[in-house]
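Coordinate inspection notes
Okay, here's what each chain looks like letter by letter:
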Amino acid sequence: MDLALTDADLAFQAEVREFIDTYWPEDVRRARATSSRFEESRGHSPEVRRWIDALNERGWAVPNWPQAWGGTDWNPTQKYIWDKETAKAECPQLSAFGARMLAPVLYTWGTDAQKNEFLPKIREERMIWCQGYSEPGAGSDLAGLATRAVREGDEYVVNGTKLWTSGAHVADWMFCLVRTESGGKKQEGISFVLIDMKTPGITVNPVYILGGIHSVNEVELKDVRVPVENLVGEENKGWTYAKGLLTHERTGIAGVARSEVQLARLKRIAQDTGMDGGSLWDDAAFRTRVTELEVELEALSVTELRVLAQVAQGGAPGPESSILKIRGTEIGQAIAMMTIEAFGYYGMPYPEQTLIDNEGPIGNPYVMPTMKGMLYGRASSIFGGSNEIQKNIISKAVLGL
Amino acid sequence: MDFSLSEEQTLLKDSLERFIQNDYDFDTRRKVMAGEEGFSRENWKQFAELGWLAVPFAEEDGGIGGGALELMIVMEQLGRGLVVEPYLATVILAGGALKYAGNEAQKGAYLGAIIEGSKMGALAFAEPQSRFNLADVATTATADGDGYVLSGHKAVVLGGPSADFFVVSARTSGGPRDADGITLFLVDGDAAGLSRRDYPTVDGLRASEVTLEGVKVGADAVLGTVGGGHAVLEQVIDEATLAVGAEAVGGMEVCYKDTVEYSKQRVQFGQPIGKFQVLQHRMVDMFMEYEQAKSMMYLAAMRLDEGYGAVAKKAVSGFKVQVGKSGRFVGQQAVQLHGGMGMTEELNIGHYFKRLTMIDTTFGNADFHLKRYGAI
């Protein structure tokens, strides 16, 4: 049992750092970290495009994919180093819906035509995806979805409404769960289809969430015709694929590295914030709470390493992995809340973007991105299976209740 | 990056597991505790034969050269069995001080005897006013010819009643809470002027108030350097902190697993109470607390084995914070979910709760270690 990095690991780490410093340099980092535009509405700036192109050129765009489709031969320690270093520099990531969620389904269950058509475009981020899962009547009870697909010749005709669809307003395509059969168990009769967002009959309506952020949408599907070759795997087996998708990429969802960056920022902000002639960081009560979070985060970071080590030995992620989402989102939310608290009165100003563009930020430049991150971050314990649903899963799968 | 146990470590773990399972069930433990000494000399002999008493000592001293990971393995299993034999007091505390500060003659006189099970020891470091500050030492050691005269009061000395010898911290110079000027002394249990008031602790151990009234020792009783005892104490106590933390992790494992089992058996409102979601989520929380504590335990053990310094100290304190928090939650909820049964002396759960509660205040509670963690 040891945590030491080998010389080879250290050399790899140096290589990664150099790559990051070249293609995602310090000034770009800072500009992006203090930008008050919400991440998902920013689109691809030239800097982000350059970063993604450099990743592809280097063969590092999708480390976890099979090598045949552009993945790396990195061992788990190298993947861990990569995640840590890119998180520390707050490097942009490929859109998760394509690269992290859909791609594993495609390279596991997709046809050759689907793989050839979609995987390269996802890897190069030339095709943006959204996920058509939740519906007005199907949230935590996802299998209760009602969007119907009826086969007519070589097409499915899809009717229904998807809700909370992140990024639908910028997506080119949507992977979507639809009901192709009803009557049996509700998990059976669901199919996994790929829909071009330009297909006639699709309407995307924005849903503004707290802070006026446009990230999620309602997607109406009215007589949308989808070619049958866009079915993934077998008809009525979509639930299996969707579940398989959830077990992919279980590590990384804890957001440990990201939270470490946020925690370090919180400490700096507390040190820079005046209080009683000293700084907020001198306040024992505040400092105690930050330190408590730090310990919890360190524990989670080791739990994540334990999961990685298990996977490295060829095992499936053990029960520890289910902790990652719950604790990771709780800690991330707590850090965001404490950062807002640290700003004091200056947490309140929430100016229009045009005002910031013209006259600069009010107070600390990190206020707006932190506030938007905090507001949006409340969703992290709701999406991807709410934390309460996660506990139901652990209770059943791990405790056998 | 590797979290697996070596072959030797696995063997060690297996031998402890077998003992806990075959020879240390709850009723046996109760009988052992009811005896005059509060533990079994027979068991202690067996510990020696199985090599457990040799674990943390160097091979040239007759030990097996184990490090923090091996101590962790032993203590996690002892924690699962709620073992009351004074392993912590003799091997980790008194033995630890000898290991780090003893000269050849001292090691020769004591370590071999500890390893073969013929001598027991105790570390008398705490005092009524000291709380968790190792530097707060009011016991005095005054030079007297070639030797010293010790006077003072040592508080809640774990394993005190069975100790054949004590390692005592005393002030040879400096002010009341100075880290400098503390010296460790080896004092025989039957030394003139040493008296003990023995008692059981709430969690099934035995301890003593040790009073030193003009106890004369020779220069050869000085363990380590004169005035340099604090650094030794800090390292020994950090190792012991890992040890009780690992003990707590073992106890938490039993608490959460027994609670889950109980909830499958206990029927109310016509169904097993484990079917109620409010209890399911509580047990998931217990499981998560246990796993998080286990992660920090691994971190602390690995950091200690990398070498003793700031990184290791911080990891130990982080672990103790987590143990304090997790142990409190798991222990309390185990009692709560067992209902009235959890309150009884005849069920194991309440005994784990008591031990977990006392572990929080052993070698510094969560608040103490949070402050230390933040300051490193």
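A few words on the nonpolar core. Counting 162 residues, the largest nonpolar core has Ala97, Phe185, Val187 and Leu242 of chain B as its most contacted members. With 53 residues, the next largest nonpolar core counts Ile128, Leu145, Phe175 and Phe192 of chain A among its residues.

Residue and element names in this part refer to chain B. For chain B, the assigned domains are domain 1 (7-119), domain 2 (122-227) and domain 3 (231-375). A separation of 23 Å is found between the C-alpha centroids of domain 1 and domain 2. In this complex, domain 1 contributes 18 residues to the contact, which on the side of domain 2 involves 17 residues. Residue assignment for the side of domain 1 that touches domain 2 shows that the elements contributing at least two residues are α5 (87-101) and α6 (104-116). If one sorts the elements of the side of domain 1 that touches domain 2 by residue count, α5 sits on top with 7 residues. Each residue belonging to the side of domain 1 that touches domain 2 can be placed in one class, and the counts come to 12 nonpolar, 4 polar and 2 charged.

Contacts between the two partners involve 28 residues from chain A, matched on the other side by 28 residues from chain B. When contributions to the side of chain A that touches chain B are tallied by element, the ones reaching two or more residues are α4 (76-88), α9 (284-312), α10 (321-343) and α13 (387-397) of chain A. If one sorts the elements of the side of chain A that touches chain B by residue count, α9 of chain A sits on top with 13 residues. A per-class count over the side of chain A that touches chain B returns 15 nonpolar, 5 polar and 8 charged.

Our focus in this paragraph is the domain arrangement of chain A. Residue and element names in this part refer to chain A. Its domain assignment divides chain A into domain 1 (7-93), domain 2 (129-236) and domain 3 (250-397). Just the C-alpha atoms count here: the centres of domain 1 and domain 3 sit 21 Å apart. The partner domain 3 presents 16 residues to the 14 residues of domain 1 that form the contact. Ranked by residues supplied to the side of domain 1 that touches domain 3, first place goes to α4 with 6 residues.

Analysis parameters
- Sequence order as written defines the numbering, with residues in each chain counted from 1.
- Here every chain gets a letter starting at A, and every ligand a number starting at 1, in the order they are written.
- Totals for whole chains, interfaces and linings use all residues, but because this is a predicted model, local features are given only for residues with pLDDT of at least 70 and pairs of side-chain atoms are given and counted only at 80 or more.
- A set of buried Ala, Val, Leu, Ile, Met, Phe, Trp, Tyr and Cys residues, joined to one another through C-beta atoms within 7 Å, is what we call a nonpolar core.
- Any residue surrounded by 20 or more other C-beta atoms within 10 Å of its C-beta is treated as buried, while 12 or fewer makes it exposed and the intermediate range makes it partly exposed; C-beta atoms here are placed from the backbone.
- What counts as a domain boundary in this text is fixed by an automatic or database domain assignment.
- For the purpose of contact definition, each residue receives a C-beta atom placed from its backbone, and two residues are in contact when these atoms lie within 7 Å.
- A run of DSSP states H or I qualifies as a helix once it reaches four residues; a run of E qualifies as a strand once it reaches two. Both are numbered from the N-terminal end.
- Charged means Asp, Glu, Lys or Arg here, nonpolar means Ala, Val, Leu, Ile, Met, Phe, Trp, Tyr, Cys or Pro, and polar covers whatever is left, Gly included.

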